[in-house]
Amino acid sequence: MKNLHMTVEKIILELIKRGKSISFAESCTGGRIASEFTAISGASNVLNGSCITYSNEIKHKWLNVSKDTLKQYGAVSQECVSQMLDGIVSITNADYAIAVSGIAGPSGGTVDKPVGTVYIGLLTPKEKQIYHCQFEGARNDIQNKATTFAIEKLEEKIKK
């Protein structure tokens, strides 16, 4: 497994070099992505801000996720994460963004969306992509895997 600290450091250095910024909208990861970034000196040069939007009400109020989306698809959905990306960029004016919503467990899972279901969205100046992931393990494992996945996918996108 790659060293996540080094990956984040590379991302920060590349964003500084490009004069670009990043922001996060996190639900099931509870701020872990932002924490990985703020652990690195220089993050303040690129990190505009981050929101932990755990409840549907806050997803709606802070990130402008529509009530219809939340009702029809739920918070753990491609549609919700897409609107979370739009919302965080609207607030922070960032060039890059990550949004995450999922079910870390051990409760909360359903037949359609079992524990470990996580949607991870990445927004770059070129594209928006949402990943539907199914992670295994205990709550902490799922949160860590989602955090790692999001950061590693961001690194891939930045390298392109």
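Residues numbered from 1 in each chain as written. Predicted model: local features only at pLDDT ≥ 70, side-chain atom pairs only at ≥ 80, totals over all residues. Heavy atoms only, no water.

(A) Main features of the packing of helix α3 (residues 56-63) against helix α5 (residues 78-92). Packing of α3 against α5 leaves a shortest axis separation of 9 Å and a crossing angle of 40°. In terms of axis orientation, α3 runs oblique to α5. Only Cys 80, Gln 83, Met 84, Gly 87, Ile 88 and Ile 91 of α5 make contact with α3, whose side of the interface consists of Lys 59, Trp 62 and Leu 63. Across the contact of α3 with α5, the residue classes break down as six nonpolar, two polar and one charged. (Axes fitted to C-alpha atoms, helices over the stretch in contact; angles between N-to-C directions. Helix = DSSP H or I, 4+ residues; strand = E, 2+ residues; numbered from the N terminus. Parallel < 35°, antiparallel > 145°, perpendicular 65-115°, else oblique. Contact = heavy atoms within 4.5 Å. Nonpolar A, V, L, I, M, F, W, Y, C, P; charged D, E, K, R; others polar.)

(B) Representation of the sheet that holds strand β5 (residues 128-134) within the structure. If you trace the five strands from one edge of the open sheet to the other, you get β2-β1-β3-β4-β5, paired in mixed fashion. Whereas interior strands pair on both sides, the edge strands pair on one side only; in this sheet they are β2 (47-52) and β5. Each neighbouring strand pair of the sheet contributes to a mean axis angle of 10°, computed without reference to strand direction. Relative to strand β3 (residues 96-102), strand β1 (residues 22-26) is paired through five bridges, and the arrangement is parallel. Bridge pairing links Ser 23 to Ala 97 in β3. Strands in contact with helix α6 (residues 139-159) are β1, β3, β4 (117-123) and β5; relative to β4, the strand with the most contacts, it is inclined by about 25°. (Pairing = 2+ DSSP bridges.)

(C) How the structure looks around the packing of helix α1 (residues 4-18) against α6. The geometry of α1 relative to α6 is characterised by a closest axis approach of 10 Å and an angle of 40° between their N-to-C directions. Considering the angle they form, α1 stands oblique to α6. For α1 against α6, the interelement crossing comes out left-handed. Counted together, Leu 4, Thr 7, Val 8, Lys 10, Ile 11, Glu 14, Leu 15 and Arg 18 of α1 and Thr 147, Thr 148, Ile 151, Leu 154, Glu 155 and Ile 158 of α6 form the full contact between these two elements. Here the contact of α1 with α6 is built from residues that sort into seven nonpolar, three polar and four charged. (Left-handed = near helix turned anticlockwise from the far one by under 90°.)

(D) Spatial organisation of the packing of aromatic side chains. Scanning all chains against the criterion turns up three aromatic pairs. The interplanar angle of 55° and the centroid separation of 4.9 Å between the aromatic rings of Phe 24 and Phe 37 together place this pair among those described as tilted. Of the two residues, Phe 24 is situated in strand β1 and Phe 37 in helix α2 (residues 32-38); the sequence distance between them amounts to 13 residues. By relative accessible area, Phe 24 is classed as buried at 0%. The interplanar angle of 80° and the centroid separation of 5.4 Å between the aromatic rings of Tyr 131 and Phe 149 together place this pair among those described as edge-to-face. (Phe/Tyr/Trp six-rings, centres within 6.5 Å; stacked < 30°, edge-to-face > 60°. Buried < 20%, exposed > 50% of the residue type's maximum accessible area, 1.4 Å probe, protein only.)

(E) Spatial organisation of the environment of Lys 61. Within the element layout of this structure, Lys 61 appears in helix α3. When the C-alpha positions of Lys 61 and Gly 87 are compared, they lie 9.8 Å apart, and in sequence the two are 26 residues distant.

(F) Expanded view of the pattern of salt bridges. A full pass over the atoms with the stated rule returns seven salt bridges. Note that Glu 156 and Lys 153 form a salt bridge whose closest N and O atoms lie 3.4 Å from each other. Residue Glu 156 and its partner Lys 153 are both found in helix α6; the two are separated by three residues, about one turn of the helix. For Glu 156, a relative accessible area of 43% translates into the label partly exposed. The exposure class of Lys 153 is buried, given its relative accessible area of 19%. Taken together, the salt bridges that share partners define one network made up of Glu 14, Lys 17 and Arg 18. (Salt bridge = Lys/Arg side-chain N within 4 Å of Asp/Glu carboxyl O.)

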